[in-house]
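Observations on the model geometry
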Amino acid sequence: MNSLQDRFARIRTFIFDVDGVLTDGSVNALASGEQFRTFNIKDGYGIEQALKAGYTVAVISAANQEGVRKRLEFLKIKDVFMGGPSDQKINTYIGYLTRDALNESEILYMGDDLPDYDILARPALLSTCPADAVDEIQALCDYVSPKAGGRGAVRDVIEQVMKAQGKWVR
């Protein structure tokens, strides 16, 4: 195994941003004021398989839309941190680490834009991003998925981890 494969093999917790990671970053605004996002069903299947295999999956996002919450509930993601200021995501992350006594070397975080920078810059975690993440984030990350946000990037990293651990379904 190479170094990246060794790091994939240590992961126990996945943490994802929403906009630009679980979605393609588009926001569709309706006359009612609702702003809906589109999620990728293959990413959802990957999350389902990760949870079934005993991994922890969490979301940290500045967005706070009810439709997004309902999608995350449907996926059975229990640790959902939404609605804080985008420049305070690092505080949410550190609070989550402390609350659950998580080992940072067992965490994979996927973000796509500058509000994720402070988390992704932490050397112990496995920092990942979609193929269409902003340049500064791509330059920082340990792994850049060949898939775009909302187009299979989440499924890609889940598969990489589960395959490295011999847990992928096929």
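Preceding this section is the structure that the text describes.
Residues numbered from 1 in each chain as written. Predicted model: local features only at pLDDT ≥ 70, side-chain atom pairs only at ≥ 80, totals over all residues. Heavy atoms only, no water.

The subject of this paragraph is unusual backbone geometry. Not every positive phi belongs to a glycine, and Lys76 is a case in point at roughly 65 degrees. In this fold, Lys76 is placed in the loop between α4 (66-74) and β5 (79-82). Located in the positive-phi region is Ala101, a residue other than glycine, with phi close to 50 degrees. You can call Ala101 exposed: its relative accessible area is 67%. (Helix = DSSP H or I, 4+ residues; strand = E, 2+ residues; numbered from the N terminus. Buried < 20%, exposed > 50% of the residue type's maximum accessible area, 1.4 Å probe, protein only.)

Time to look at the sheet that holds strand β7 (residues 126-129). Ordered in space as β5-β4-β1-β6-β7-β8, the six strands form an open sheet in which the pairing is parallel. Lying at the two open borders of the sheet, with one neighbouring strand each, are β5 and β8 (143-144). Strand direction decides the pairing type here: strand β6 (residues 107-110) and β7, joined by three bridges, are parallel. Bridged to Met110 within β7 is Thr128. (Pairing = 2+ DSSP bridges.)

This part takes up the packing of aromatic side chains. Applying the stated criterion to the full structure yields six aromatic pairs. Ring geometry for Phe8 and Tyr143: centres 5.4 Å apart, planes at 80 degrees, overall edge-to-face. With Phe8 in helix α1 (residues 3-10) and Tyr143 in strand β8, the pair connects residues that are 135 residues apart, well separated along the chain. Owing to a relative accessible area of 0%, Phe8 belongs among the buried residues under this scheme. Both rings, one in Tyr93 and one in Tyr109, keep their centres 6.4 Å apart while their planes meet at 80 degrees; by these two values the pair is edge-to-face. Remark: Tyr109 occurs in strand β6 and Tyr93 occurs in helix α5 (residues 89-100); sequence separation between them is 16 residues. (Phe/Tyr/Trp six-rings, centres within 6.5 Å; stacked < 30°, edge-to-face > 60°.)

This part covers the pairing of β6. Both faces of the sheet carry side chains from a regular strand, because those side chains alternate between them. Here β6 shows two buried faces, one formed by Ile107 and Tyr109 and the other by Leu108 and Met110. The sheet contact formed by strand β1 (residues 13-16) and β6 spans four bridges and is parallel. If you follow Phe14 over to β6, its bridge partner there is Leu108.

As a further point, take the packing of α1 against helix α8 (residues 153-164). At a minimum axis separation of 7 Å, α1 and α8 run at an interaxial angle of 90 degrees. One element, α1, and the other, α8, form an angle in the roughly perpendicular class. Along the contact surface, α1 presents Gln5, Phe8 and Ala9, while α8 presents Gln160, Val161 and Ala164. Tallied by class, residues from the contact of α1 with α8 come to four nonpolar, two polar and no charged. (Axes fitted to C-alpha atoms, helices over the stretch in contact; angles between N-to-C directions. Parallel < 35°, antiparallel > 145°, perpendicular 65-115°, else oblique. Contact = heavy atoms within 4.5 Å. Nonpolar A, V, L, I, M, F, W, Y, C, P; charged D, E, K, R; others polar.)

Taken by themselves, the reported measurements are silent on function.
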